[in-house]
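Structure at a glance
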Amino acid sequence: MSDKAKDHVPEPEPYENPTLELNRPRSSMLESDDDLDLDSAAFDSRPAGGFDSRPTEQIHRPDPPVAPGTYVEPEPATAAQPPKARRGTLDLGLLVLRLVVGGTMLAHGLQKLTGLWGGPGLDGFESTVTDAGYQHPALLAILGSIGEVAAGGLLVLGLLTPLAAAAVVAIMINAVLFKHHLEPGLQYFATDESGVEYEVLLGAAAVAIVLTGPGRIAVDGARGWATRPFIGSFVALLLGVAGGVCLWLFVR
């Protein structure tokens, strides 16, 4: 056997040495993304989660045209913007009530303070206060006259309405008690010597104004308590009643 034949060693078949078959490099069926015809930039812009969460473009669909004369039902009011309540003639009625009660108190106060329209003036009013048994009649005559003028004027304007109406309540309580003191017994009608019909009517109207508020046609019309009175009105009314009773009990 020649040296050339000795040096030649035949390569083993794949079935004889499976290790060689496994270690042999193989080319991938798809060498790159180009084989799939994909753009790598599309994958680079994808979010980390793997899904594109960007909202899709919304298509605006205009409302269909409405034929002339066709009724379109309005959308229901939301809770954030409740429908505005209609008050009708309520504010006008409250204005009339304020003008009458306030104008009457203003006129009577000017009669006592200045003697207008045949009024008693301060001297005559001081004598009435003295007859009622009040202490410091001169001071009370001045304060009472000014109080009636101020309360009447504020009611006419609709300014500080609950306090002004509460002051009228206090004044009317003292007027009723004063007439009862002059002539004991219940005498209601104004035709009686000590009838309290007039005083009760003014006092009840003042109570109504305290509880309802001045309405929108007033200086205080833009305030919430002017059209939706609640706890503050009760407090003002209690102050007026307590002030009238305390004035009669502790100042006489």
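Placed above this text is the structure.
Description of the structure in this document. (Residues numbered from 1 in each chain as written. Predicted model: local features only at pLDDT ≥ 70, side-chain atom pairs only at ≥ 80, totals over all residues. Heavy atoms only, no water.)

To continue, consider the overall build of the protein. Helix and strand counts for the protein stand at 10 helices and zero strands. Starting at the N terminus and walking to the C terminus, you meet the elements of the protein as α-α-α-α-α-α-α-α-α-α. Taken across its 252 residues, the protein has 24% of its residues classed as buried. Pairs at least 24 apart in sequence give 61% of the contacts found in the protein among residues at least 6 apart. With the model as given, the accessible surface of the protein reaches about 18300 Å², and the carbon-plus-sulfur share is 63%. (Helix = DSSP H or I, 4+ residues; strand = E, 2+ residues; numbered from the N terminus. Buried < 20%, exposed > 50% of the residue type's maximum accessible area, 1.4 Å probe, protein only. Contact = heavy atoms within 4.5 Å. Areas by Shrake-Rupley, 256 points an atom, 1.4 Å probe, with all protein chains shown as cover.)

Let's shift gears to the pattern of salt bridges. Applying the stated criterion to the full structure yields five salt bridges. Linking Asp91 and Arg87 is a salt bridge whose minimum nitrogen-to-oxygen distance equals 2.8 Å. In this pair, the class of Asp91 matches that of Arg87, namely buried. Asp220 is paired through a salt bridge with Arg223; the nearest N and O atoms lie 3.6 Å apart. In this structure Arg223 comes out as partly exposed when scored by relative accessible area, which is 47%. (Salt bridge = Lys/Arg side-chain N within 4 Å of Asp/Glu carboxyl O.)

On to the packing of aromatic side chains, then. The geometry of an aromatic ring pair comes down to the distance between the two centres and the angle between the two planes. The final tally for this structure, using the stated rule, is two aromatic pairs. When the ring of Tyr134 is compared with that of Trp248, the centres are 5.8 Å apart and the planes differ by 80°; the resulting orientation is edge-to-face. Of this pair, Tyr134 sits in the loop between helix H5 (121-131) and helix H6 (137-157) while Trp248 sits in helix H10 (residues 231-250); the two residues are 114 residues apart in sequence, bridging distant segments of the chain. Note on accessibility: Tyr134 and Trp248 belong to one class, buried. Measuring from centroid to centroid gives 5.4 Å for Tyr188 and Phe189, while their planes differ by 80°, and the two rings are edge-to-face. (Phe/Tyr/Trp six-rings, centres within 6.5 Å; stacked < 30°, edge-to-face > 60°.)

What follows is about helix H8 (residues 197-212). With 16 residues, H8 ought to run about 22 Å at 1.5 Å a step, and its terminal C-alpha atoms sit 23 Å apart, in line with that. Of the surrounding secondary structure, the elements contacted by the buried residues of H8 are helix H4 (90-114), H6, helix H7 (161-182) and H10. (Expected span 1.5 Å × (residues − 1).)

As a further point, take the nonpolar core. Ranked by internal contacts, the top residues of the largest apolar core, which has 16 residues, are Val101, Leu155 and Val168. Non-local contacts of Leu155, meaning those with residues more than four positions away in its chain, are made with Arg98, Val101, Gly102, Thr161, Ala164, Ala165, Val168 and Ile209. Formed by eight residues, the second largest nonpolar core is a distinct cluster that contains Phe125, Val129, Ala141 and Trp248. (Core = buried A, V, L, I, M, F, W, Y, C linked by side-chain atoms within 4.5 Å.)

On the surface, Leu211, Phe230, Ile231, Phe234, Val235 and Leu239 cluster together into a nonpolar patch covering about 620 Å² of accessible area. The biggest single contributor to the nonpolar patch is H10, with four residues. Locating Phe234 in the fold gives a position in helix H10. Under the relative-accessibility criterion, Phe234 is labelled partly exposed at 48%. (Patch = residues over 30% accessible without salt bridge, like charges linked within 9 Å, V, L, I, M, F, W, Y side chains within 5 Å.)

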